[in-house]
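Here's the letter readout for the chains.
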Amino acid sequence: MDIDHFEKIVLSVKNKLFRFALRMLGSQDDAKDVVQEVFIRVWNNRATAGDVRNWEAWCMRMARNLSLDRLRASARKPSLAIDESITLEQQDPTPDTSAELSESMTTVREIMDALPEKQRQVMHLRDVEGYSYQEICEILELDMSQVKVNLFRARNAVREKMLKIDAYGL
Amino acid sequence: MDSEHIHALLEKYWRCETSLEEEQQLRTYFRRPDIPESLRETAALFRHLDESRNKVLDSTFDKEVMKRVSKTRTIVRKWVYNSMRIAAGIVVVVMAVWLVRVEIRQSQPVSDQDTYSDPELAFEETKKALLMISKSFNLAEQQARKIQLFNEAQNEIRQEKSAQQEPEGHL
C-alpha cells in the first residue's frame, strides 16, 4: 500500500468510522481521535493489510475495539446521547423538516440511544451505514443469527416505543 | 410508489426481511415531503437515520492524518538512516582491525612464524635437526672420552708416585 492508495482509498471510509465511533462514544473529539488512531494503525500495518480480505470491515472492527478500550479506560458507561452542542458538518441536509417532524426525530434519537449497546451498533451498521449482514458479522465478530436477532429486537423496540408515544403520548 | 407497496415493504422491514435495495427504496420514499399522516412516526425514524448518515468529519481531518502519517514515515526513514550509519561504522571498525592484524603479521620476524604448513614435512625436518644434534653430541662425547682417558692416566701416575715416596719415608 503506497501513500496515494492510502489517501484515496483508505481515507475515504473516514466518515463511516467517525459515525460508528461517535455512536459508541458520544463525543466528537473522542470519535475523531479513534478514527485517527485507526488510520495510523492501518498505515503502520500496511505490509500485512494486503492479506486482509475486507479491509473496510477490518477498519470498522478496529474503530469498535478502540472505542471500547476508551470506554473501559475512562470507566464510563457508553454515552447515550451524542453531544448535539457540537457543530458537525452536514452533507445534504434533510429537506423540508417541519417542526413536528423534527420533534419526532429527537424522540427517535432518544429511543435509539436507550437501546442496549449491541442492538444500537447493529442497527447503526445496517440502517445508517447500509452494511450487509455478513459485513456486520465481520465487524462485530458475531454470528449471523446474533446479528439478525439484535437487529430485529432493536427495530421492534423502536417501533413499539414510537407506537406507544403516538397512542398515549408516553 | 404506491402506499400498499410501502406498507408491505415496511412490514418486511420490521421483520428484518428486507434486502439492502428495498431498504434504500424506503429511505428514498421517506425523503418525500408528502408523507401520509399514518406514516409520520416511521418517517421520523428514516429521517433520523438519514440525518445520522450526514454527520461527517471536517475537511481538515485528511490533512491532520496525512501529517501524522508523514511523521511516521520520517521516523522510519530516520531509523533506517541511523541504522545504516551504525552498520557503516561497524564495517569501518572491522576493516581497521583486520588491516592492523595483517600489518602486525607482516612486521613479525620470520622465525616467529610457522615455516611449514605440511605436518609430515615438519616432522621430517624436525627428525633431521634432532639427528644432527645427536651426531654432534656423539662427536663431543668421543672427544670427552679422550680427555677422560688422559685424566685417568694422570691420576694413576700420581698414585704410583705417592706410593713410591711412602716406603722411602719409613726408612
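Residues numbered from 1 in each chain as written. Chains lettered and ligands numbered in written order. Predicted model: local features only at pLDDT ≥ 70, side-chain atom pairs only at ≥ 80, totals over all residues. Heavy atoms only, no water.

J.: Provide a residue-level description of the overall build of chain A, including the pertinent values.
T.: Of regular secondary structure, chain A possesses nine helices and one strand. Each helix (α) and strand (β) of chain A, taken in turn from the N terminus, gives the series α-α-α-α-α-β-α-α-α-α. Scored against the burial criterion, the 170 residues of chain A give a buried share of 48%. Counting contacts in chain A only where the partners sit at least 6 residues apart, residues at least 24 apart contribute 72% of the total. (Helix = DSSP H or I, 4+ residues; strand = E, 2+ residues; numbered from the N terminus. Buried < 20%, exposed > 50% of the residue type's maximum accessible area, 1.4 Å probe, protein only. Contact = heavy atoms within 4.5 Å.)

J.: Provide a residue-level description of the interface of chain B and chain A, including the pertinent values.
T.: Contacts between the two partners involve 39 residues from chain B, matched on the other side by 53 residues from chain A. Of the roughly 4600 Å² buried between chain B and chain A on both sides combined, carbon and sulfur atoms contribute 59%. Three residues, B:Trp14, B:Lys55 and B:Val56, lead the burial of chain B against chain A; their summed loss comes to 16% of the area buried on that side. Linking chain B to chain A there are six salt bridges. The salt bridge involving A:Arg126 is made with B:Glu23; its shortest N-O contact spans 3.0 Å. (Buried area = accessible area lost by both parts, 1.4 Å probe. Salt bridge = Lys/Arg side-chain N within 4 Å of Asp/Glu carboxyl O.)

J.: Could you give an account of the side chain of B:Glu41, naming the residues involved and the relevant values?
T.: With respect to the element layout, B:Glu41 can be found in helix 3 (residues 40–53). Among residues more than four places away in sequence, those in contact with B:Glu41 are A:Ser104, A:Met162 and A:Asp166.

J.: Tell me about the environment of A:Gln28, and please be specific about residues and values.
T.: Within the secondary structure, A:Gln28 is located in helix 3 (residues 28–44). What makes A:Gln28 buried here is its relative accessible area of 15%.

J.: Please give an account of the confidence of the model for chain B that cites residues and values.
T.: All names here are of chain B. Residue-level pLDDT values for chain B average 86, and 92% of them are 70 or greater. Within chain B, helix 4 (residues 61–107) has the poorest average pLDDT of any element, 85, and helix 2 (residues 20–29) the best, 94. Of the two predicted TM-score estimates for the complex, the pTM is 0.65 and the ipTM is 0.80. (pLDDT = per-residue confidence, 0-100.)

J.: Before we move on, can you summarise the packing of helix 7 (residues 117–128) of chain A against helix 8 (residues 133–140) of chain A with the specific residues and values?
T.: Residue and element names in this part refer to chain A. One can describe the packing of helix 7 onto helix 8 by two numbers: an axis separation of 10 Å at closest approach and a directional angle of 135 degrees. What the angle tells us is that helix 7 and helix 8 run oblique. Of the two possible hands of crossing, helix 7 and helix 8 adopt the one that is right-handed. Listed contacts from helix 8 to Gln121, Val122, Leu125 and Arg126 of helix 7 are Tyr133, Ile136, Ile139 and Leu140. Looking at the contact of helix 7 with helix 8 residue by residue, the class counts come to six nonpolar, one polar and one charged. (Axes fitted to C-alpha atoms, helices over the stretch in contact; angles between N-to-C directions. Parallel < 35°, antiparallel > 145°, perpendicular 65-115°, else oblique. Left-handed = near helix turned anticlockwise from the far one by under 90°. Nonpolar A, V, L, I, M, F, W, Y, C, P; charged D, E, K, R; others polar.)

J.: Tell me about the packing of helix 2 (residues 14–25) of chain A against helix 5 (residues 55–73) of chain A, and please be specific about residues and values.
T.: Residue and element names in this part refer to chain A. It is the contact of helix 2 with helix 5, at a shortest axis distance of 10 Å, that shows an interaxial angle of 25 degrees. Of the possible angle classes, the one that applies to helix 2 and helix 5 is roughly parallel. Here the hand of the crossing between helix 2 and helix 5 comes out right-handed. For the pair helix 2 and helix 5, contact is made by Lys16, Leu17, Phe20, Ala21, Met24 and Leu25 and by Glu56, Cys59, Met60, Ala63, Arg64, Ser67, Leu68, Arg70 and Leu71, respectively. Residue classes in the contact of helix 2 with helix 5 are distributed as ten nonpolar, one polar and four charged.

J.: Any details on unusual backbone geometry? Residues and values, ideally.
T.: For A:Glu141, which is not a glycine, the phi torsion comes out positive at approximately 55 degrees. Among the structural elements, A:Glu141 can be located in the loop between helix 8 and helix 9 (144–168). Residue A:Glu141 is classed as exposed on the basis of its relative accessible area, which comes to 53%. A positive phi angle, close to 60 degrees, is found at B:Cys16, a residue other than glycine. Examined against the element boundaries, B:Cys16 turns out to sit in the loop between helix 1 (3–14) and helix 2. The buried category is assigned to B:Cys16, whose relative accessible area is 11%.

J.: Break down helix 3 of chain A for me, with residues and values.
T.: All names here are of chain A. A rise of 1.5 Å per residue sets the reference length of helix 3, with its 17 residues, at 24 Å; its end C-alpha atoms lie 24 Å apart and thus fit the reference within 8%. Across the 17 residues that make up helix 3, a large majority, twelve, are buried. Within helix 3, the full set of buried residues consists of Gln28, Asp30, Ala31, Lys32, Val34, Val35, Gln36, Val38, Phe39, Ile40, Val42 and Trp43. (Expected span 1.5 Å × (residues − 1).)

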